[in-house]
Amino acid sequence: MSSFDTELNQRLNAIRLQGLYRELRHVDSPQGPRIKLGGRELLNFSSNDYLGLANHPALKEAAVETIGEFGAGAGASRLICGSLTPFHELEAVFAAFKGTEAALTFSTGYATAVGTITALLAKDDIIIVDKLVHACIVDAAKLSGAKLRVFAHNDLNDLEDKLRWADANRSKIGNRQSAILVVTESIFSMDGDAAPLREILALKEKYGTWLMVDEAHATGLYGRNRRGLAEELGVSDRIEIQMGTLGKALGASGGYVCGSRALIDFLINRARSFIFSTAPVPAAAAAAMKAVELVASSEGIRLNQQLWHRVAEFQSAIGHRPSAIPRAIIPLVIGDETKAVTAATELREQGIYIPAIRYPSVARGAARLRITLTAAHTAEDVAMLIRALKSMDLGL
Ligand SMILES: *Cc1c(COP(=O)(O)O)cnc(C)c1O
């Protein structure tokens, strides 16, 4: 064995010893409430396909039709070989859906955060993020070179401390003042709780900063038009940068930014993950556009009702009080990494697939079973989940 591989195997062993080893589980079926894994059918409570759109006939049909018309691949970056119609159609539909001047789509949500934050901020700018924001925001913040400050999760006092510090430490960058950007998720990916967006906005306005809200787990699920939590709380117009993914409730793939025309034009000129990356397959844009149309229609209302019914059934059965803002992500925190893995294995043996989420997705010692419910689950699916969980030693 080469010394390179020996070194990597040593590192892998250290990962194993901490209960943090990850491996791919080969699934031989589409995403849905049931997946085929290792030749067995399992009930799936692991995906972010909250509305069951990933395998929806209308999305598949839109994708297939677009492949027929525009082919399988995009050929180059949108700035190099021309920007295909499906991306423009999607962006127009998205801006209308979100009620913003403009929208821009990226190949993934990850690329969206990295491209946007590094475009907006440079050395001597300041970025202040919630402790629990997604890895793509942390990576973007580091890559931007801006000064990074982290406030305790949803802690407004700590946020204000960091804002006071930032305000006192603004400096001149060329002919402008350093910018301060606050970033939070609206619904947090591993905990399912909501950010106090109204209160964060009050602070942001007091200190004259910018705000970016990542609606990855809220787009399609909250608000009168299902635009996201910002709509639910009536604050969309006051957020400079709304981002999210097309790959969760929207069932397709890609990421988006919504905001002013100036923001979008600036990103087209400066977001390196947009400029220096081949455009996504046009079929993904077509599927996402169909998803937005479905979500905005009466079908979207029906799917949301179904999802929140399942959530209510599950929460009442395990004795969780319903939260003011409903959550499709329900973590059962176990703590120890190895115990969480054992619990996930036991559940798989009972025919239920729930991942054990561990460091670095969550803090060390905060390993959990992350249960996600979807509109595609039936009441009987949820009843089976409850029976399995109650048969285990989880204190439920
Ligand atoms: C999943 C996720 C992303 C990344 O989106 P992808 O399209 O999967 O790359 C960004 N932010 C949050 C909060 C997420 O949960």
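Residues numbered from 1 in each chain as written. Predicted model: local features only at pLDDT ≥ 70, side-chain atom pairs only at ≥ 80, totals over all residues. Heavy atoms only, no water.

1. Comments concerning helix 13 (residues 337-349)
Since one α-helical turn is 3.6 residues long, residues separated by three or four positions face the same way.
Moving on, step 1. Counted at 1.5 Å a residue, the expected span for helix 13 with its 13 residues is 18 Å, and the 19 Å between its end C-alpha atoms agrees.
Moving on, step 2. What helix 13 keeps buried is the set Glu337, Ala340, Ala343, Ala344, Leu347 and Arg348. End-on, the buried residues of helix 13 take up no more than an arc of 140 degrees, which puts them together on one face. In helix 13, the exposed positions that point more than 90 degrees away from the buried face belong to Lys339 and Glu349.
Moving on, step 3. On its buried side, helix 13 packs onto strand 2 (40-44), strand 12 (329-335), strand 13 (352-353), strand 14 (356-357), strand 15 (367-372) and helix 14 (379-390).
Moving on, step 4. Its side-chain oxygen at 3.2 Å from the backbone nitrogen of Thr338, Asp336 defines the N-terminal cap of helix 13.
Moving on, step 5. Positioned one or two residues after helix 13, Gly351 has a phi angle of 90 degrees, which is positive. (Helix = DSSP H or I, 4+ residues; strand = E, 2+ residues; numbered from the N terminus. Expected span 1.5 Å × (residues − 1). Buried < 20%, exposed > 50% of the residue type's maximum accessible area, 1.4 Å probe, protein only. Arc of directions from axis to C-beta. Contact = heavy atoms within 4.5 Å. Polar contact = N/O pair within 3.5 Å; in protein donor to acceptor, adjacent residues only side chain to side chain.)

2. Here we look at the site of the ligand
Moving on, step 1. Taken together, the neighbourhood of the ligand is formed by 13 residues, with Gly109, Asp214, His217, Thr245 and Lys248 sitting nearest.
Moving on, step 2. Separating an oxygen atom of the ligand from a side-chain N or O atom of His217 is a distance of 2.6 Å.
Moving on, step 3. Between the ligand and the protein, one listed contact pairs an oxygen atom with a side-chain N or O atom of Thr245 at 2.7 Å.
Moving on, step 4. In the complex, 84% of the free accessible area of the ligand, which totals 380 Å², lies under the protein chains.
Moving on, step 5. By residue class, the composition of the shell around the ligand is three nonpolar, seven polar and three charged. (Near = heavy atom within 4 Å. Areas by Shrake-Rupley, 256 points an atom, 1.4 Å probe, with all protein chains shown as cover. Nonpolar A, V, L, I, M, F, W, Y, C, P; charged D, E, K, R; others polar.)

3. What about the pairing of strand 5 (residues 147-151)?
The two faces of a sheet get side chains in turn, since along a regular strand they alternate between them.
Moving on, step 1. Note: strand 4 (residues 126-130) against strand 5, five bridges, orientation parallel. Bridge pairing in strand 5 links Val129 to Val150.
Moving on, step 2. As for the winding sense of the linkage, the β-α-β connection from strand 4 through helix 5 (residues 135-144) to strand 5 is right-handed. (Pairing = 2+ DSSP bridges. Right-handed = clockwise from strand over helix to strand, strands pointing away.)

4. Overview of the packing of aromatic side chains
Moving on, step 1. Within this structure, the stated rule accounts for four aromatic pairs.
Moving on, step 2. Taking the centre distance of 4.3 Å and the plane angle of 40 degrees together, the rings of Phe94 and Tyr256 count as tilted. Taken as a pair, Phe94 in helix 3 (residues 85-98) and Tyr256 in strand 11 (residues 255-259) lie far apart in primary sequence, 162 residues in all. Of the two residues examined, Phe94 and Tyr256, each falls in the buried class.
Moving on, step 3. Taken together, a centroid distance of 5.5 Å and an interplanar angle of 45 degrees make the contact between Tyr222 and Trp308 tilted. A residue pair is termed long-range when its members are at least 10 positions apart, and Tyr222 in the loop between strand 9 (210-214) and helix 8 (229-232) and Trp308 in helix 12 (residues 298-317) qualify at 86 residues.
Moving on, step 4. Judged by relative accessible area, which is 3%, Tyr222 ranks as buried.
Moving on, step 5. Exposure remark for Trp308: the relative accessible area of 18% places this residue in the buried category. (Phe/Tyr/Trp six-rings, centres within 6.5 Å; stacked < 30°, edge-to-face > 60°.)

5. A closer look at the packing of helix 4 (residues 109-120) against helix 9 (residues 261-270)
Moving on, step 1. Across the interface, helix 4 lies against helix 9 with an axial gap of 10 Å and an inter-helix angle of 95 degrees. By the angle between their directions, the pair helix 4 and helix 9 is classed as roughly perpendicular. Facing Thr116, Ala119 and Leu120 of helix 4, the residues of helix 9 in contact are Leu263, Phe266, Leu267 and Arg270.
Moving on, step 2. Split into classes, the residues belonging to the contact of helix 4 with helix 9 amount to five nonpolar, one polar and one charged. (Axes fitted to C-alpha atoms, helices over the stretch in contact; angles between N-to-C directions. Parallel < 35°, antiparallel > 145°, perpendicular 65-115°, else oblique.)

6. Observations regarding empty space enclosed by the protein
Moving on, step 1. Inspection of the entire model under this criterion finds four cavities of 30 Å³ or more.
Moving on, step 2. For the largest cavity, the full set of lining residues is Arg78, Thr105, Phe106, Ser107, Ser273, Phe274, Ser277, Thr278, Ala279 and Pro280.
Moving on, step 3. Listing elements by their share of the lining of the largest cavity, those giving two or more residues are strand 3 (102-106) and helix 10 (272-275).
Moving on, step 4. Class assignment of the residues belonging to the lining of the largest cavity gives a composition of four nonpolar, five polar and one charged. (1 Å grid on protein atoms, 1.4 Å probe; cavity = no way out; pocket = protein on both sides within 12 Å on 5 of 7 lines; lining within 4 Å. Points joined across faces, edges and corners; volume = space filled by probe spheres on them.)

7. A word on the pattern of salt bridges
Pairs can form between side chains of opposite charge once their charged atoms are near each other.
Moving on, step 1. According to the stated counting rule, one finds 19 salt bridges in the structure shown.
Moving on, step 2. Ionic pairing is found between Lys162 and Asp158, a salt bridge with its closest N-O pair at 2.8 Å. Within this pair, Lys162 and its partner Asp158 are both found in helix 6 (residues 156-168), separated by four residues, close to a single helical turn. Note on accessibility: Lys162 and Asp158 belong to one class, buried.
Moving on, step 3. Overlapping salt bridges bring together Arg34, Glu41 and Asp381 as one network. (Salt bridge = Lys/Arg side-chain N within 4 Å of Asp/Glu carboxyl O.)

8. Topic: unusual backbone geometry
Moving on, step 1. Here Tyr359 and Pro360 are connected by a cis peptide whose omega angle stands at 5 degrees.
Moving on, step 2. When you line up the elements, Pro360 lands in the loop between strand 14 and strand 15.
Moving on, step 3. Residue Asp124 is not a glycine yet carries a positive backbone phi of 80 degrees.
Moving on, step 4. Within the chain, Arg226 stands out as a residue other than glycine whose phi angle is a positive 60 degrees.
Moving on, step 5. In this structure, Arg226 sits in the loop between strand 9 and helix 8.

9. Things to note about the sheet that holds strand 2
In a beta sheet, neighbouring strands are held together by backbone hydrogen bonds and run either parallel or antiparallel to one another.
Moving on, step 1. One open sheet accounts for three strands, arranged 1-2-13; its pairing is mixed. Each edge of the open sheet carries a strand with a single partner, namely strand 1 (34-37) and strand 13.
Moving on, step 2. Inspection of the sheet shows strand 2 paired to strand 13 by two bridges, in the parallel sense. Of the residues in strand 13, the one forming a bridge with Leu43 is Ile352.

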